[in-house]
Amino acid sequence: FRKVFYNRFIFCMAIIKHAEQRVGVFIDTQNIYHSAKNIYHARANFGNILKDSVAGRKLVRARAYAVTTESGEETAFFEALAKVGIEMRLKDLQVFAGGAKKADWDVGLAVDAITASPKLDTVIIFSGDGDFVPLVRYLQNHGGCQVEVVSFGRSTSLKLKEAADDFLDLDNDPKRYLLNYRPMRGSRRPPAHGEESADDAAASREPSEIGRITGVE
C-alpha cells in the first residue's frame, strides 16, 4: 500500500500488479552487493530477487549498473547476472591523483529509467540509496509510472522507502535472497520509525545530482 496524505488524513492506495503490466528493472549493483556483504557477509541472489520483484509481470528490461576493475575479478559475477537475463552496463573504476576513487552510476541509472518510462507501467529500482528519491518522485509525477524499490531494509534510506509505491525488503527472507547465508549476530539495526538514517542525513545536507537533473528534491 502507498500512503497518500491529504488535509491531514492518510489514505492507503493499493498497489496494482497484473500479468500485462510492463516492468523495467534498474539495478544499483554496488549498493545491493555491498549491503549483502556488509550486513550478512554473503552474496545477493540476484536471480531470486529479480523473479520475486517482477512477480509474474511482463519484464521489458532488466539492467544492472556496475564498475569494472583492472584485476577483472568481477567478470564471473557479471556473467552470472547475464545468465538470469540481466543486461550489464559497465564503466571503468576512476582513480584520481592522490589515490581517490570514483565508482558512481547513479546519474546513468536515473537517465535510463526516465528514458524508458514512456514504455513502462512500473519501474523497479534495486537500491537503498536515498539519492534516488528525486528519481522516484519524478517517475511517479511526470512519467506516470508505479515505482517500486527493492533492497535490504537495514541499509535502505527511510525517505526512499516512504517515496516508493511499494518496497520489497530483502531482510525479510535472507535465506531466499542470499547465497551461502548464515545467521549473524550483531548486524546493523535498521533506523527506528521516524529516525533518519545516515544516508538520509547526508542527502538532506546537499542536493543530489539526480535532484538537479530531475528538478525534484
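Residues numbered from 1 in each chain as written. Predicted model: local features only at pLDDT ≥ 70, side-chain atom pairs only at ≥ 80, totals over all residues. Heavy atoms only, no water.

**Observations regarding the overall build of the protein**
Part 1 of the reasoning: In terms of helices and strands, the protein carries nine helices and 12 strands.
Part 2 of the reasoning: Taking all 217 residues of the protein together, 41% fall into the buried category.
Part 3 of the reasoning: Across the protein, contacts joining residues at least 24 apart in sequence account for 70% of those joining residues at least 6 apart.
Part 4 of the reasoning: As displayed, the protein has an accessible area near 12200 Å², and 50% of this comes from carbon and sulfur atoms. (Helix = DSSP H or I, 4+ residues; strand = E, 2+ residues; numbered from the N terminus. Buried < 20%, exposed > 50% of the residue type's maximum accessible area, 1.4 Å probe, protein only. Contact = heavy atoms within 4.5 Å. Areas by Shrake-Rupley, 256 points an atom, 1.4 Å probe, with all protein chains shown as cover.)

**A few points about the sheet that holds strand S10 (residues 146–151)**
Part 1 of the reasoning: Read from one edge of the open sheet, six strands run S6-S5-S3-S9-S10-S11, paired in parallel fashion. With partners counted over all chains shown, the strands left at the sheet margins are strand S6 (87–92) and strand S11 (166–169), one partner each. The sheet shows a mean angle of 15° between the axes of neighbouring strands, direction not considered.
Part 2 of the reasoning: Inspection of the sheet shows S10 paired to S11 by four bridges, in the parallel sense. (Pairing = 2+ DSSP bridges. Axes fitted to C-alpha atoms, helices over the stretch in contact; angles between N-to-C directions.)

**So, the nonpolar core**
Within soluble globular proteins, side chains that are nonpolar generally end up buried alongside one another.
Part 1 of the reasoning: Counting residues in each nonpolar core, the largest one holds 24 residues, and the members touching the most others are Val25, Ile86, Phe126 and Phe152.
Part 2 of the reasoning: Counting residues per element, the ones that place at least two in this core are strand S3 (22–28), helix H1 (29–40), helix H2 (46–54), strand S5 (58–68) and strand S9 (122–126).
Part 3 of the reasoning: Excluding residues that lie within four positions of it along the chain, Phe126 makes contacts with Val25, Phe26, Ile27, Asp28, Ile32, Ile49, Leu50, Ser53 and Val150.
Part 4 of the reasoning: Grouped together as the second largest cluster of nonpolar side chains are 21 residues, Leu120, Ile125, Leu135 and Ala164 included. (Core = buried A, V, L, I, M, F, W, Y, C linked by side-chain atoms within 4.5 Å.)

**Things to note about the pattern of salt bridges**
Part 1 of the reasoning: A full pass over the atoms with the stated rule returns 10 salt bridges.
Part 2 of the reasoning: Close ionic contact of Asp166 with Lys17 constitutes a salt bridge, the shortest N to O distance being 3.0 Å. Note that Asp166 is positioned in strand S11 and Lys17 in the loop between strand S2 (9–13) and S3, a separation of 149 residues in sequence.
Part 3 of the reasoning: Classification of Lys17 by relative accessible area gives partly exposed; the value is 40%.
Part 4 of the reasoning: Taking the shortest distance from any N to any O, the salt bridge between Asp112 and Arg89 comes out at 2.5 Å. (Salt bridge = Lys/Arg side-chain N within 4 Å of Asp/Glu carboxyl O.)

**Examining the environment of Arg137**
Part 1 of the reasoning: For Arg137, the location among the structural elements is in helix H5 (residues 133–141).
Part 2 of the reasoning: For Arg137, a relative accessible area of 33% puts it in the partly exposed group.
Part 3 of the reasoning: As for Arg137 and Val147, which are separated by 10 residues in sequence, their C-alpha atoms are 8.5 Å apart.

**Overview of the confidence of the model for the protein**
Part 1 of the reasoning: With 73% of its residues at a pLDDT of 70 or more, the protein shows a mean pLDDT of 83.
Part 2 of the reasoning: Long-range and interchain partners of residues 3–12, a stretch whose pLDDT sits below 50, account for 12 contacts in this model, where long-range means more than four residues apart.
Part 3 of the reasoning: For the stretch residues 189–195, pLDDT sits under 50, and the model shows eight contacts to residues farther than four places along the chain or on other chains. (pLDDT = per-residue confidence, 0-100.)

**Side note on the packing of aromatic side chains**
Part 1 of the reasoning: With the rule as written, the count across this model stands at six aromatic pairs.
Part 2 of the reasoning: Ring geometry for Phe77 against Phe78: centres 5.8 Å apart, planes inclined by 50°, an arrangement best described as tilted.
Part 3 of the reasoning: On the accessibility criterion, Phe77 (23% relative accessible area) is partly exposed.
Part 4 of the reasoning: Relative accessible area serves as the criterion here: at 11%, Phe78 is assigned to the buried category.
Part 5 of the reasoning: Lys91 extends its terminal NZ or CZ atom over the ring of Trp105, reaching a point 4.5 Å from the ring centre. (Phe/Tyr/Trp six-rings, centres within 6.5 Å; stacked < 30°, edge-to-face > 60°. Lys NZ or Arg CZ within 6 Å of the ring centre and 35° of its normal.)

**Focus: the environment of Leu93**
Part 1 of the reasoning: Summarising the element assignment, Leu93 is placed in the loop between S6 and strand S7 (94–95).
Part 2 of the reasoning: Between the C-alpha atoms of Leu93 and Asp104, which are 11 residues apart in sequence, the distance is 8.8 Å.

**Things to note about unusual backbone geometry**
Part 1 of the reasoning: The backbone phi angle of Ala55 is positive, close to 55°, even though this residue is not glycine.
Part 2 of the reasoning: Although it is not a glycine, Asn180 sits at a positive phi angle of roughly 55°.
Part 3 of the reasoning: In this fold, Asn180 is placed in the loop between strand S12 (178–179) and helix H8 (198–205).
Part 4 of the reasoning: The exposure class assigned to Asn180 is exposed, which follows from its relative accessible area of 62%.

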